[in-house]
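Here's the letter readout for the chains.
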Amino acid sequence: MPSAYDMHDCGDTVTFYAIGDWGEVSDTLHRVAATMGMRAKNQTMPSFILSLGDNFYPDGVTSVEDSKWKEYWEDVFLRDYPELRVPWKAVLGNNDYRDNPQAQVDFTHSKLNPYDAWHMPDRNYRFSVHSGSSTRAAKAEPTPHSESESDIDDTLIDLFALDTCGVDEGVNCICPHTKEELHTNIASLSAQLTTASPNAWKIVFGHHPLYTAGRGHGSEAACLRDKVVTKTQPDGTTIECPGYGLERILHQGAVDLYMAGHEHVFQHHRTTREDAEGVDTVVCGASGALYVGMYRGQQKPARQRDRPQWVEPTHGVLFARVSHLVACVRMLAIQLSVLGVDCSTIQPVPISLSVCTLSTILSFAVQFLGTSIFSQGTKGWVMQHIPKFTACM
């Protein structure tokens, strides 16, 4: 049965946070939690929080009774920050597979789940955020999922959790079935996207990125992204191998945003295709991990195609605010500096550019940045990055 949660934003605007690769207790993790808690208390409380995988280091959890639930999550985020006792919508990361990944699914319905906050009803699932004059709900179910026409009419955001761990060779060694299951997961996602509300924002979130500046994770990103992957052999020859083709599925499904972790940095990249609208992809993969940076260093120059357009190695958290007209995504370092400001006004496809005025966009810029960084784009959205600077968040 689907579960419903009251949303805490008023009107037709929803705020949510996202963190990734956070699951080990450290000073950094406490600072990230404090940043989230203070912002929730003093500004806008999130309606939900996305957890982008590697939720518990180094080896996931053993069961629903594992002490990590309390030590790594409840005591850090929930005990002292009641404003963060909202639904945590989680996906699995590769480290979560090292022990008992099913325990993170089972904890959703466990009596030990504090405030019923942890929410992973399945390894792949969908939930929707609905708008309304006085109430709003987020409904979540494992995929596959069908909704009545009345459910879809007032949908503000459709979100799809995707278990991407089948692309990870380390996970394949532990759970060989995940490699083929990822094909099934992506096919199911493709079908799900066709049933999403045409007027809603579409967000897909998983653990592994489609683009990365990191050399160690570059082959995984290419395999997840492309339908056919060219690999170089030790002798210098190349061979073609099948990939998963997720990027094309996102384009065909008119997805607005793909969110991931895995690489311990902030990243942004906008994909483009001649036959479809572009998709913005962001990585927030250093919300608590002890080391920050690209796994095994930077990509080689020959692999520049795989690199995202902007990278910033720092710990932090992602804040998002979404209305029918405007979606703003910001990456905030724990030092309270805004990084690679990603205030995007990407339009849901059916809404024309004329509906979203430049003055509306700039009101967000002035409020959060203290400066104007927007210009009107040909497709009704703008994505610009600026250097690190202090802002009044």
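Notes on the structure in this doc start here. It should be emphasised that the depicted structure is a prediction, and the values quoted were computed from it without experimental measurement.

Overview of the overall build of the chain
- Each helix and strand counted, the chain has nine helices and 19 strands in total.
- Within the chain, the proportion of its 393 residues that are buried is 60%.
- Contacts spanning at least 24 positions in sequence make up 72% of the contacts within the chain whose residues lie at least 6 apart.
- Of the accessible surface of the chain, which amounts to about 15700 Å², a share of 51% is contributed by carbon and sulfur atoms.

Digging into the environment of Asp66
- Mapped onto the fold, Asp66 is located in the loop between strand 3 (48-51) and helix 2 (68-78).
- It is 9.2 Å that separates the C-alpha atoms of Asp66 and Ala103, two residues lying 37 residues apart in sequence.
- Within polar-contact distance, the side chain of Asp66 engages the backbone nitrogen of Lys68 at 2.8 Å.

Structural notes on helix 6 (residues 177-194)
- Compared with the 26 Å implied by 1.5 Å per residue over 18 residues, the 27 Å span of helix 6 between its first and last C-alpha is a close match.
- Every buried residue of helix 6 is listed here: Thr178, Leu182, Asn185, Ile186, Leu189, Gln192 and Leu193. An end-on view of helix 6 places all buried positions within 120° of arc, on one side of the element. More than 90 degrees from the buried face of helix 6, the exposed residues found are Glu180, Thr184 and Thr194.
- Next to the buried residues of helix 6 lie strand 6 (125-130), strand 8 (155-161), helix 5 (169-174), strand 9 (201-205), helix 7 (218-225) and helix 8 (246-252).

A word on the packing of aromatic side chains
- Evaluated as defined, the whole model comprises 19 aromatic pairs.
- Ring geometry for Tyr125 against Phe127: centres 6.5 Å apart, planes inclined by 25°, an arrangement best described as stacked. The burial state of Tyr125 is the same as that of Phe127; both residues are buried.
- Members of the aromatic cluster, joined through ring pairs, are Trp22, Phe56, Trp69, Tyr72, Trp73, Phe77, Trp88, Phe107 and Trp118.
- Directly above the aromatic system of Phe127 lies the positively charged group of Lys89, at a separation of 4.4 Å from the ring centroid.

Structural notes on the pattern of salt bridges
- Going through the model one piece at a time under the given rule, you end up with seven salt bridges.
- When the shortest N-O distance is used, the salt bridge between Asp27 and Arg31 registers 3.9 Å. One end of the pair, Asp27, and the other, Arg31, are both in helix 1 (residues 27-42), four residues apart, so they sit about a helical turn from each other.
- For the salt bridge of Arg126 with Asp158, the shortest nitrogen-to-oxygen distance reads 3.4 Å. Here Asp158 lies in strand 8 and Arg126 lies in strand 6, a separation of 32 residues in the sequence.
- On the basis of relative accessibility, which here comes to 2%, the residue Arg126 falls in the buried class.
- Owing to a relative accessible area of 1%, Asp158 belongs among the buried residues under this scheme.

Structural notes on the nonpolar core
- Core analysis: the largest hydrophobic core is formed by 67 residues, its most contacted members being Trp73, Phe77, Trp88 and Met259.
- Those residues in contact with Phe77 that lie beyond four places of it in its chain are Ile19, Trp22, Leu29, Ala33, Met36, Tyr72, Leu84 and Trp88.
- Counting 24 residues, the second largest nonpolar core, distinct from the first, contains Val167, Tyr211, Ala222 and Val229.

Structural notes on helix 1
- Given a rise of 1.5 Å per residue, 16 residues ought to cover 22 Å, and the 22 Å separating the end C-alpha atoms of helix 1 matches this to within 8%.
- Inspection of helix 1 places Thr28, Leu29, Val32, Ala33, Ala34, Thr35, Met36, Gly37, Arg39 and Ala40 among the buried residues, and these make up the whole buried set.

Focus: the pairing of strand 2 (residues 13-19)
- Within strand 2, seven of the seven residues are buried, which leaves it mostly tucked inside the rest of the structure.
- The side-chain alternation of strand 2 yields two buried faces, one formed by Thr13, Thr15, Tyr17 and Ile19 and the other by Val14, Phe16 and Ala18.
- Sheet analysis places strand 2 next to strand 16 (residues 316-323), joined by six bridges and oriented antiparallel. Bridged to Val14 within strand 16 is Val322.
- Taking the sense of rotation as the criterion, the β-α-β connection linking strand 2, helix 1 and strand 3 turns out right-handed.

Focus: the side chain of Asp168
- Tracing the backbone through its elements, the reader meets Asp168 in the loop between strand 8 and helix 5.
- With no salt bridge to any partner, buried Asp168 finds its closest opposite charge in Arg98, at an N-O distance of 7.0 Å.

A look at the packing of helix 1 against helix 2
- Their axes nearest at 9 Å, the elements helix 1 and helix 2 cross at an angle of 40°. With respect to helix 2, the element helix 1 is oriented oblique. Read as a crossing pair, helix 1 and helix 2 show a hand that is right-handed. Where helix 1 abuts helix 2, its residues Leu29, His30, Ala33 and Met36 lie against Tyr72, Val76 and Phe77.
- Among the residues forming the contact of helix 1 with helix 2, the class breakdown is six nonpolar, one polar and no charged.

Brief notes about unusual backbone geometry
- Omega for the bond connecting Tyr57 with Pro58 falls within 30 degrees of zero, at -10°, which places this linkage in the cis form.
- Mapping Pro58 onto the fold places it in the loop between strand 3 and helix 2.
- For Asp21, which is not a glycine, the phi torsion comes out positive at approximately 55°.
- Mapping Asp21 onto the fold places it in the loop between strand 2 and helix 1.
- A positive phi angle, near 55°, is found at Ala254, a position not held by glycine.
- In this fold, Ala254 is placed in the loop between helix 8 and strand 12 (257-260).
- What makes Ala254 partly exposed here is its relative accessible area of 25%.

Calculation rules
- Residues numbered from 1 in each chain as written.
- Predicted model: local features only at pLDDT ≥ 70, side-chain atom pairs only at ≥ 80, totals over all residues.
- Heavy atoms only, no water.
- Helix = DSSP H or I, 4+ residues; strand = E, 2+ residues; numbered from the N terminus.
- Buried < 20%, exposed > 50% of the residue type's maximum accessible area, 1.4 Å probe, protein only.
- Contact = heavy atoms within 4.5 Å.
- Areas by Shrake-Rupley, 256 points an atom, 1.4 Å probe, with all protein chains shown as cover.
- Polar contact = N/O pair within 3.5 Å; in protein donor to acceptor, adjacent residues only side chain to side chain.
- Expected span 1.5 Å × (residues − 1).
- Arc of directions from axis to C-beta.
- Phe/Tyr/Trp six-rings, centres within 6.5 Å; stacked < 30°, edge-to-face > 60°.
- Lys NZ or Arg CZ within 6 Å of the ring centre and 35° of its normal.
- Salt bridge = Lys/Arg side-chain N within 4 Å of Asp/Glu carboxyl O.
- Core = buried A, V, L, I, M, F, W, Y, C linked by side-chain atoms within 4.5 Å.
- Pairing = 2+ DSSP bridges.
- Right-handed = clockwise from strand over helix to strand, strands pointing away.
- Lys, Arg positive; Asp, Glu negative; His and termini not counted.
- Axes fitted to C-alpha atoms, helices over the stretch in contact; angles between N-to-C directions.
- Parallel < 35°, antiparallel > 145°, perpendicular 65-115°, else oblique.
- Left-handed = near helix turned anticlockwise from the far one by under 90°.
- Nonpolar A, V, L, I, M, F, W, Y, C, P; charged D, E, K, R; others polar.

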